[in-house]
Amino acid sequence: MLNADLHCHSRVSDGTLSPSEVAQVAFEAGVDLWALTDHDEIGGQREARAAAEALGMRYVSGVEISITWANRTVHIVGLNIDPGNPTLIDGLAATRGGRAARAQQMSEQLAAAGIPGAYEGALRFVGNPDLISRTHFARFLVEIGQCASVSDVFAKYLSEGRPGYVAHRWATLEDSVKWIRGAGGIAVVAHPGRYKFTPLEFGALFDQFRDLGGEAIEVVTGSHTPEQYREYADVARQYGFLASRGSDFHGPTESRALLGKLPALPDDLTPVWSRWQ
Ligand code: AMP
Ligand code: MN
Ligand code: MN
Ligand code: MN
């Protein structure tokens, strides 16, 4: 099997390593085909591709776009995009646009909950000033000893309904798929098992995604349990989606899965990378 890992993050969004360092980790893990998919940002693509090619590892350009669908945040990965596409570049810039104000609001709410200075604290973990994320706040709260781990911070402070949570409107599903397709890429529903939708809502999401020209879903990801691998393999079969595989690696100490170490996709599914072979 080709060891493809088509979902991970660098310091250009909320990962802890530079794109070149992530390339090195992927290479050492035996990854044959790699994509860096930073949140709402393609500023790391040139470095990632150069590092991969210097190591003799195949590279696919990638991005993970934050969207709002049915009042919830969903992530759409774009693979094999042209990182120079002006519409994609503008769309991502607009998507990133509200992050600074959102972060200020999060900081005010955390201060009201007894944790002052979170904006400045989070900023110290930010690699790209244009992309301040909840993950950076989580690292700050761990640093000051407020919580034991990043996932603990999300559970106590940063998830919907918690004191530091700020509702935010991201891009639309339609725009995300349009930008990705317009840049020559394939749109992929990221980690579907993470969304708290009813079966009816999931059906509507997959129908709309397919009707808009979305072509793939993540089946094997660091965010899924083995049972969810089976569940979303069935969705891929039912909708005729291509299947993707990616760790969602954010760094050596915080990730649910290591790069390139996930199980293979079920044999009967068509891998998304069949498009580039
Ligand atoms: P943001 O784009 O600022 O809303 O931050 C979203 C990021 O937070 C995701 O990409 C994950 O890296 C991280 N995240 C979300 N939920 C959790 C969780 N429960 N545990 C750890 N990290 C999380
Ligand atoms: Mn992330
Ligand atoms: Mn995601
Ligand atoms: Mn991700």
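One can find the structure itself at the top, above this paragraph.
These numbers come from a predicted model, not from an experiment.

(A) Structural context of the sheet that holds strand E7 (residues 216-221). With mixed pairing, the 5 strands of this open sheet are ordered in space as E4-E5-E6-E7-E8. The strands lining the two open edges of the sheet, one partner per strand, are strand E4 (62-69) and strand E8 (242-246). Neighbouring strand axes in the sheet, compared pairwise and without regard to direction, differ in orientation by 40° on average. Relative to E7, strand E6 (residues 186-189) runs parallel, the two being bridged by 2 bridges. In the strand pairing of E7, Val189 is matched with Ile217.

(B) Focus on the packing of helix H9 (residues 199-211) against helix H10 (residues 226-239). Two elements in contact, H9 and H10, have axes whose closest approach is 12 Å; the angle formed by their N-to-C orientations is 45°. By the criterion of interaxial angle, the relationship of H9 to H10 is oblique. Helix-helix and strand crossings are classified by hand; for H9 and H10 the assignment is right-handed. For the pair formed by H9 and H10, the contact residues are Phe202, Gly203, Phe206, Asp207 and Arg210 on the first element and Tyr232, Val235, Gln238 and Tyr239 on the second. Looking at side-chain class alone, the contact of H9 with H10 contains 5 nonpolar, 2 polar and 2 charged residues.

(C) Expanded view of the site of ligand 1. Neighbouring ligand 1 are Asp14, His39, His75, Arg99, Arg102, Ser133, Arg134, Thr135, Ser151, Phe154, Arg194 and His250. In isolation ligand 1 offers 500 Å² of accessible surface; the protein chains occlude 83% of this area. For the shell around ligand 1, the domains that each give at least three residues are domain 1 (4-95 + 169-276) and domain 2 (99-158).

Cut-off values and rules
- Residues numbered from 1 in each chain as written.
- Chains lettered and ligands numbered in written order.
- Predicted model: local features only at pLDDT ≥ 70, side-chain atom pairs only at ≥ 80, totals over all residues.
- Heavy atoms only, no water.
- Pairing = 2+ DSSP bridges.
- Helix = DSSP H or I, 4+ residues; strand = E, 2+ residues; numbered from the N terminus.
- Axes fitted to C-alpha atoms, helices over the stretch in contact; angles between N-to-C directions.
- Parallel < 35°, antiparallel > 145°, perpendicular 65-115°, else oblique.
- Left-handed = near helix turned anticlockwise from the far one by under 90°.
- Contact = heavy atoms within 4.5 Å.
- Nonpolar A, V, L, I, M, F, W, Y, C, P; charged D, E, K, R; others polar.
- Near = heavy atom within 4 Å.
- Areas by Shrake-Rupley, 256 points an atom, 1.4 Å probe, with all protein chains shown as cover.
- Domains from an automatic or database assignment.

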